Amino acid sequence: MRRVIRVDESSPVPIYQQIVEEVKRAVLTGVFGPDQRLPSIRELALELKVNPNTVAKAYQEMEAQRVIYFRRGQGAYISPRSEEERVQEAQREISRLFRQVLDIAHSLRLSRTRLNDLFRQAAQEHPDMKEEKP
Amino acid sequence: MNALSLTHLGISYGSRRVLNDISFDIPSGQVVGLLGRNGTGKTTLLRSLFGLIPIDAGTVSVLGRDPAREAPAMRLTVGFMSENCHLYRWMTGPQLGAFLAPFYPAWNAQAFADDCRRLELPADQPVGRMSKGTQRKLMLALTLAPAPELLLLDEPLAGLDPVARDQIRDTIIGTLADRGTTILLSSQEVDEIAPICDRVLILGSSRLLLDAGRDELAQRIRRVFVTLENPVGAVPAHPNILSAAIMGSQLELVLREFSDEALQALLANYKVRDVRTEGLSLREIFIACAGRKEVAS
C-alpha cells in the first residue's frame, strides 16, 4: 500500500482532492483491487504528513462517490465495480487529459488537423498502442 | 463551540502598536496556521492568548475564559510551546515529567512516556546538555502530557533538522488523530505546515492580511495569464491585485477575492485574446500577500 498514494504539498489543488484522485487512479490502474482494505485515517495521515481531518474528508468524499465503502469498526475498503463502470471511469480520465492537451494546443496555436496528425503519430510510435486490434 | 475567539484585539509595546484590530474565531478541532514575516506579531499574539502579555484593546476568549483574569485555570487545558526553551536545565525529561505532573489533573504519564519514546528523547540527559532539537521535542512532549484541548505552538519546527521536524509533525498529527485537539501554530516553514492546517491566517504589519480555509485558497487567490491583442505599457491598478507584471502583450496578475466578474471588470479596457488562470501554492500566496508593499484596501 505504501507510496501508492502521494500528495504534492506545493500544489494548489486541495489535499483531500489529491487523495481522492490518487485512490481513483490506483483503482483504475488495478493497483487497488476490489474489497482491498485502505489504511486507517490515522495511518494515512501519518504517512502523507497531512491533517487527519483532511484524510477523513477525502474518505467521506470517496464514500459519497462510491469509490470506497466502510465496514463498521473495520475501516475503508475499495468498492467492487463492473467492467462497464471501469471503462466509463477510464474514458472520463482520458477525456480529462485530452482537455488539458487541447488547452495547451490552443495556447500554442496548433490547428486541429495538426493535432490529429500528432496523435496518430504518437500512437504509431507507442509500443503497446500501435497495433489496433480489429 | 469556539475554542478561541478574538474581537478587535490590540496590543502595544509603549507607543508602538504591534497588533491592531485582530478578529477571528477558531472552532473546536480546527488546525490553524499563523503565518507572517518576522516581526509581524505572531509570537505576541500567541503569548497574549496564554495570558503572558496584557492586551490593550478588544476581548479574547480562550476555551471560554479570559486569559488576563483566569490564566491559572485556563492553563490546565491549554498547552503553550514557546519558541525559547525555559525548562530547568539541570533536570532530565523524566524528572521534568514527574515535577510537572502534580500541577495538572489530566496529566497522562503513559502518553508522555510514549511520546518520549517516539521522539527518541534520552532519559538520562539534563536539558542543559540537550541539542536545541531535543529540547524542542521534550517541550512538545511536556506540552501534550496534560492532554490539552487547545495547543498554541510558536514555531514548533524552527531550527530543527529534517528528521526532528518529521518527528514533531508526526507527533502533532498523531495527537490530532487521537484527540482532535484544536491547534493554532505559527511557522515560517510554510510548505511543511501547509498540509496539517485546515485554515491559514497571514499577519502583516500589525493586522490580518488573509484568513482563509486551506481548500478555498486556490479559488480565492488566483494567478491570471492574459494575452492581449497589443503590447501595453501599464498594468491595471486595484487593491485586489497582489502583484502584476507585463511582458510585451502578456499580462500576469495575482488576484485576491477572485471571481470571473471581477476579472472581467479589471480587463474591461483591454483587448483580450486569451485568459488562463491557475491556483497558487501556499508559499506563493504567502509571498504575494506578505511580500508586497502595503496598499490601502
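Residues numbered from 1 in each chain as written. Chains lettered and ligands numbered in written order. Predicted model: local features only at pLDDT ≥ 70, side-chain atom pairs only at ≥ 80, totals over all residues. Heavy atoms only, no water.

Visitor: I would appreciate a short explanation of the overall build of chain B in the present structure.
Guide: Scanning chain B from N- to C-terminus turns up 10 helices and 13 strands. Projected onto its principal axes, the C-alpha coordinates of chain B cover approximately 75 × 40 × 35 Å. The 297 residues of chain B split such that 51% are buried. When contacts within chain B are restricted to residue pairs at least 6 apart in sequence, long-range pairs at least 24 apart make up 70% of them. For chain B, the accessible area works out to roughly 13,300 Å², and carbon and sulfur atoms hold 50% of it. (Helix = DSSP H or I, 4+ residues; strand = E, 2+ residues; numbered from the N terminus. Buried < 20%, exposed > 50% of the residue type's maximum accessible area, 1.4 Å probe, protein only. Contact = heavy atoms within 4.5 Å. Areas by Shrake-Rupley, 256 points an atom, 1.4 Å probe, with all protein chains shown as cover.)

Visitor: Would you mind going over the sheet that holds strand β13 (residues 272–279) of chain B with me for this structure?
Guide: Backbone hydrogen bonds are what pair the strands of a sheet, in a parallel or an antiparallel way. All names here are of chain B. Judged by pairing direction, the sheet is antiparallel, and its 4 strands sit side by side in the order β11-β12-β10-β13 without closing on themselves. Since the sheet does not close on itself, it has two edges, and those belong to β11 (241–247) and β13, each with one partner. On average, each strand axis in the sheet is tilted by 15° relative to the strand beside it, whichever way the strands run. Across 6 bridges, the pairing between strand β10 (residues 222–228) and strand β12 (residues 250–255) is antiparallel. Paired with R223 across the two strands is V254, which belongs to β12. (Pairing = 2+ DSSP bridges. Axes fitted to C-alpha atoms, helices over the stretch in contact; angles between N-to-C directions.)

Visitor: Hey, could you run me through helix α5 (residues 132–144) of chain B in this one?
Guide: What sets the pattern is the α-helix's 3.6 residues per turn: residues three or four places apart point alike. The end-to-end C-alpha separation of α5 of chain B is 19 Å, in line with the 18 Å expected for 13 residues at 1.5 Å each. In terms of burial, α5 of chain B is a largely internal element, 12 of the 13 residues being buried. (Expected span 1.5 Å × (residues − 1).)

Visitor: Is there a simple way to think about the pairing of strand β3 (residues 31–36) of chain B in this case?
Guide: Walk down a regular strand and you will see the side chains alternate between the two sheet faces. Residues and elements named next belong to chain B. Here β3 lies mainly inside the structure; 6 of its 6 residues are buried. The side-chain alternation of β3 yields two buried faces, one formed by V31, G33 and L35 and the other by V32, L34 and G36. For β3 and strand β7 (residues 182–186), the ladder comprises 4 bridges, and the chain directions are parallel. In the strand pairing of β7, V31 is matched with I183. Pairing of β3 with strand β8 (residues 199–204), which is carried by 5 bridges, proceeds in the parallel orientation.

Visitor: Mind showing me how you'd approach the domain arrangement of chain A here?
Guide: How big an interface is tends to be stated in terms of the accessible area lost upon association of its parts. We note that the domain assignment places domain 1 (15–78) and domain 2 (83–125) within chain A. When each unit is reduced to the centre of its C-alpha atoms, the spacing between domain 1 of chain A and domain 2 of chain A is 28 Å. (Domains from an automatic or database assignment.)

Visitor: Would you mind going over the packing of helix α1 (residues 15–28) of chain A against helix α3 (residues 52–64) of chain A with me for this structure?
Guide: Packed helices, taken two at a time, are described by the angle their axes make and the gap between the axes. Residues and elements named next belong to chain A. Packing of α1 against α3 brings their axes to within 8 Å, and their N-to-C directions diverge by 50°. Regarding the angle of α1 to α3, the classification is oblique. Helix-helix and strand crossings are classified by hand; for α1 and α3 the assignment is right-handed. Across from I15, Y16, I19, V20 and V23 in α1, the residues of α3 making contact are T54, V55, K57, A58, E61 and M62. (Parallel < 35°, antiparallel > 145°, perpendicular 65-115°, else oblique. Left-handed = near helix turned anticlockwise from the far one by under 90°.)

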